[in-house]
Amino acid sequence: MPLRTIAVDFNSYFASCEQQETPALRGRPVAVVPVVAETTCCISVSYAAKARGVRAEMGVAEARKCCPELALVEARPDIYIRYHRRLLEVIESCIHITTIKSIDEVECDLTATFAPREKAVAVARRIKAEVAARVGPCLTSSIGIAPNWLLAKMASDLQKPDGLVVLEEDDLPHRLLGRKLQDFLGIGPRMEVRLLAHGITCPAQLYAATKAELRGIWGGVEGERMHARIRGEAVPLELEHHKTVGHSHVLAPLLLPEAKSLAVQHRLLQKAA
């Protein structure tokens, strides 16, 4: 089965951008926060902070208990967008970007030139080297190479930070048996409940299920597609259709009173609209 896809996932992206911008933060436990206040939460944390038990979405007060020397940095979206654009330019100079998945993750198509394993690994290493040289050494990435996007994304999660993992047909399913069900794209909390109700509690049982069984659990053809994807077949992921649109903002302590928060709510409504 050919290697078709490469997933590039930048590690602790916002925190890494801040460390690249400010050398004094490098190697230190860092948390990017919406506002510098004990009442807010961490958006992104450096790997030094993760080693101390701090994680994204953790409240600042709890994070400080894990790591008293944690450095708080107020988020600067304009900088992260600027780095994102520079990273896209660098990756595009190495291999064509098929899809921008998010501000810190892209998908590239390997089939045109880089399908052989040695060439795919070579282009992945080139991406890492070019990013370090042209953008900065703090912008490390975990890269996954696999027959499709689902497996490439999972491969990028197997070795962090700064990893490079190839998943081929012979690696399946044993390389993924230690993962959780929700690590598989297409399995969210509600789908996991349905799988558990049918006796599928781990990846080994997911792989053992037949097409018909998964079709029944998913309630349609998407179950058969999942059966194919986890085996490396090139089946596109179903497009996600958003039924709502919104905008959010974490309030600073001074804006928490209702009268002051109304102005922020009005601005958010305009931005969402």
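Before any of the text, the structure's been laid out above.
Residues numbered from 1 in each chain as written. Predicted model: local features only at pLDDT ≥ 70, side-chain atom pairs only at ≥ 80, totals over all residues. Heavy atoms only, no water.

Asks: I would appreciate a short explanation of the overall build of the protein in the present structure.
Replies: The helix and strand tally for the protein stands at 11 helices and 8 strands. The dimensions of the protein, computed from C-alpha atoms along their principal axes, are 55 × 45 × 40 Å. Considering only intrachain contacts with a sequence separation of at least 6, the fraction spanning at least 24 residues in the protein is 55%. A total accessible area of about 14,300 Å² is found for the protein, and carbon and sulfur atoms account for 54% of it. Charged side chains in the protein number 35 positive and 32 negative. The centres of these two groups are separated by 3 Å. (Helix = DSSP H or I, 4+ residues; strand = E, 2+ residues; numbered from the N terminus. Contact = heavy atoms within 4.5 Å. Areas by Shrake-Rupley, 256 points an atom, 1.4 Å probe, with all protein chains shown as cover. Lys, Arg positive; Asp, Glu negative; His and termini not counted. Charge placed at Lys NZ, Arg CZ, Asp CG, Glu CD.)

Asks: For this particular structure, what's the right way to read the packing of helix α4 (residues 77–94) against helix α5 (residues 117–134)?
Replies: A pair of packed helices is captured by two measures, namely the crossing angle of their axes and the spacing between those axes. Where α4 meets α5, the closest approach of the two axes is 9 Å, and the angle between their N-to-C directions is 140 degrees. It follows from the interaxial angle that α4 and α5 lie oblique. Of the two possible hands of crossing, α4 and α5 adopt the one that is right-handed. On the side of α4, the interface is formed by R86, L87, E89, V90, I91, S93 and C94, while α5 contributes V123, R126, I127, E130, V131 and R134. (Axes fitted to C-alpha atoms, helices over the stretch in contact; angles between N-to-C directions. Parallel < 35°, antiparallel > 145°, perpendicular 65-115°, else oblique. Left-handed = near helix turned anticlockwise from the far one by under 90°.)

Asks: Just checking my understanding: could you explain the packing of helix α1 (residues 13–21) against α4 for this structure?
Replies: Running from N to C, α1 and α4 cross one another at 90 degrees; their axes reach a closest spacing of 10 Å. The angle between the axes of α1 and α4 places the two elements in the roughly perpendicular class. Judged by residue contacts, Y13, F14, C17, E18, Q20 and E21 of α1 engage I79, Y80, R82, Y83, H84 and L87 from α4. Residue composition of the contact of α1 with α4, grouped by class: 7 nonpolar, 2 polar and 3 charged. (Nonpolar A, V, L, I, M, F, W, Y, C, P; charged D, E, K, R; others polar.)

Asks: Got a minute to help me understand the state of the cysteines in this structure?
Replies: Counted by the stated rule, this structure contains 0 disulfides. You can see C41 has no disulfide; the closest cysteine sulfur is in C42, sitting 6.9 Å from it. Assessed through its relative accessible area of 28%, C41 is described here as partly exposed. The cysteine C108 is free of any disulfide, with C94 supplying the nearest cysteine sulfur at 9.0 Å. (Disulfide = S-S within 2.5 Å. Buried < 20%, exposed > 50% of the residue type's maximum accessible area, 1.4 Å probe, protein only.)

Asks: Explain the environment of A31 here, please?
Replies: Tracing the backbone through its elements, the reader meets A31 in strand β2 (residues 30–33). For A31, a relative accessible area of 0% gives the class buried. Between the C-alpha atom of A31 and that of R55, which follows or precedes it by 24 residues, the distance is 8.8 Å. Not counting residues within four places of it along the chain, the set of residues in contact with A31 comprises C42, S44, V45, L70, A71, L72 and V73.

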